[in-house]
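As a plain string of letters, each chain reads:
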Amino acid sequence: MTAKIKCLVTGGAGFIGSHLCDKLIEKRYEVVCLDNLITGNKENLRQLLNNPNFHFVQHDVVNPFTTKLDLLNQKIQYIYHLASPASPPQYRKYSIETLLTNSSGTYNVLELARKMKAFYLLASTSEVYGNPIMHPQKESYFGNVNPVGLRACYDEGKRFAEALTMEYVRKHNLDARIVRIFNTYGPRMQKDDGRVVSNFINQAIAGISLTIYGDGTQTRSFCYISDMVNGIIAAMESKDMIGEVVNLGNPNELTIEEIGEIILKLTNSKSSMEKYDERIGDDPDKRKPDIEKAMKKLHWEPQIDLETGLNKTIEYFKNL
Ligand code: NAD
Ligand code: UDP
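Residues numbered from 1 in each chain as written. Chains lettered and ligands numbered in written order. Predicted model: local features only at pLDDT ≥ 70, side-chain atom pairs only at ≥ 80, totals over all residues. Heavy atoms only, no water.

The next thing to look at is the site of ligand 1. For ligand 1, the set of nearby residues contains 29 residues, the closest of which are Asp35, Thr39, Leu82, Tyr154 and Lys158. Threonine 101 places a side-chain nitrogen or oxygen 3.0 Å from a nitrogen atom of ligand 1. Lysine 158 places a polar side-chain atom, nitrogen or oxygen, 2.8 Å from an oxygen atom of ligand 1. Contact with the protein chains hides 97% of the accessible area of ligand 1, taken as 830 Å² for the molecule alone. Every element with two or more residues in the shell around ligand 1 is listed here: α1 (15-26), β5 (119-125) and α4 (152-172). In terms of residue count, β5 provides more of the shell around ligand 1 than any other element does, three residues in total. Residues of the shell around ligand 1, tallied by class, amount to 13 nonpolar, twelve polar and four charged. (Near = heavy atom within 4 Å. Polar contact = N/O pair within 3.5 Å; in protein donor to acceptor, adjacent residues only side chain to side chain. Areas by Shrake-Rupley, 256 points an atom, 1.4 Å probe, with all protein chains shown as cover. Helix = DSSP H or I, 4+ residues; strand = E, 2+ residues; numbered from the N terminus. Nonpolar A, V, L, I, M, F, W, Y, C, P; charged D, E, K, R; others polar.)

On to the site of ligand 2, then. Around ligand 2, a shell composed of 17 residues is seen, among which Thr211, Tyr213, Arg220, Asp283 and Arg287 lie nearest. Here arginine 151 contributes a side-chain N or O atom positioned 3.3 Å from an oxygen atom of ligand 2. Take threonine 211: an N or O atom from its main chain is 2.6 Å from a nitrogen atom of ligand 2. When the free accessible area of ligand 2 is taken as 520 Å², the share hidden by the protein chains comes to 95%. Taken together, the elements giving at least two residues each to the shell around ligand 2 come down to α5 (196-206) and β8 (210-213). The residue inventory of the shell around ligand 2, partitioned by class, reads six nonpolar, five polar and six charged.

Written as structure tokens, this is what we have:
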């Protein structure tokens, strides 16, 4: 029997990471999932924990990978680096951890990739564009980020992670790529992590009013989780991706008020929408990915429409 190709997924117990682990196992890889569980949950991995091709290691990427991490001493071909808090209330709560994870943590993961001569993927974010002046956002846009604002722990953390990754490409010829992930939703989002889709669905199910921050005219573009995972794997496995940066997201742009109305309709909820002055500093006014590059280079584009994706997510939260 030939040995399986091994992947490492940092942040694999989180929302996106756990779906990525599922898909990699389905594609017959051996998967090492490394997570410190700061915002993730082992429950997301329940279906994998008894699978002989799946290994969970509880470890903080900020700490060096010592020899106690036996699994990391064997050849790993693909490293997906997703570890980082991602929802605004969580990266505010864990602001210093977020900065350290994206800086020292990314350094440790890059060093591992260099030593293993692995293919490496950094999960970056649309937040590197900040409150964008260019709309929709193309990969060539440098962004509009406040380096000392309340979102800087995440935005600047990810910008540092991107810069460090590119130096490993230039100095060490590491086969690294960067994906800039736009708002993603689906089952296994944490019920209480404060993101708009999980908040609105759970408020609608509970029959309490939907919390609109600001006037609700700010926009986002929402991508369903299975599309995102397919895009991430395509970015890792496509040819000639060394040093490439690619947006992944669904360009279907909606105001926050519109997404609230759709969720109320799909849940048959009688809840109302209430406006609160609670936007976290520098909350982007608009966001929409330009995905031309992903379409051309990865032959990828989202397949799941909003209503289908929201219905699956509503079902998930109803069954929790
Ligand atoms: P999540 O919070 O559900 O998952 C992140 C995981 O990383 C968690 O399991 C957490 O415990 C783990 N983690 C955090 N710091 C760590 C550390 N120091 N060491 C080890 N593990 C650590 O978030 P998510 O939505 O699944 O996001 C995953 C990745 O995708 C993140 O890098 C995030 O920045 C990026 N991203 C997500 C979105 C989105 O809409 N969900 C959008 C843009 C970018
Ligand atoms: N938002 C909202 N009500 C909520 C949660 C979020 O109006 O209960 C708004 C938030 O101010 C932002 C948008 O919805 O403008 C998306 O927020 P989220 O935290 O989901 O992600 P972001 O794109 O800001 O990282």
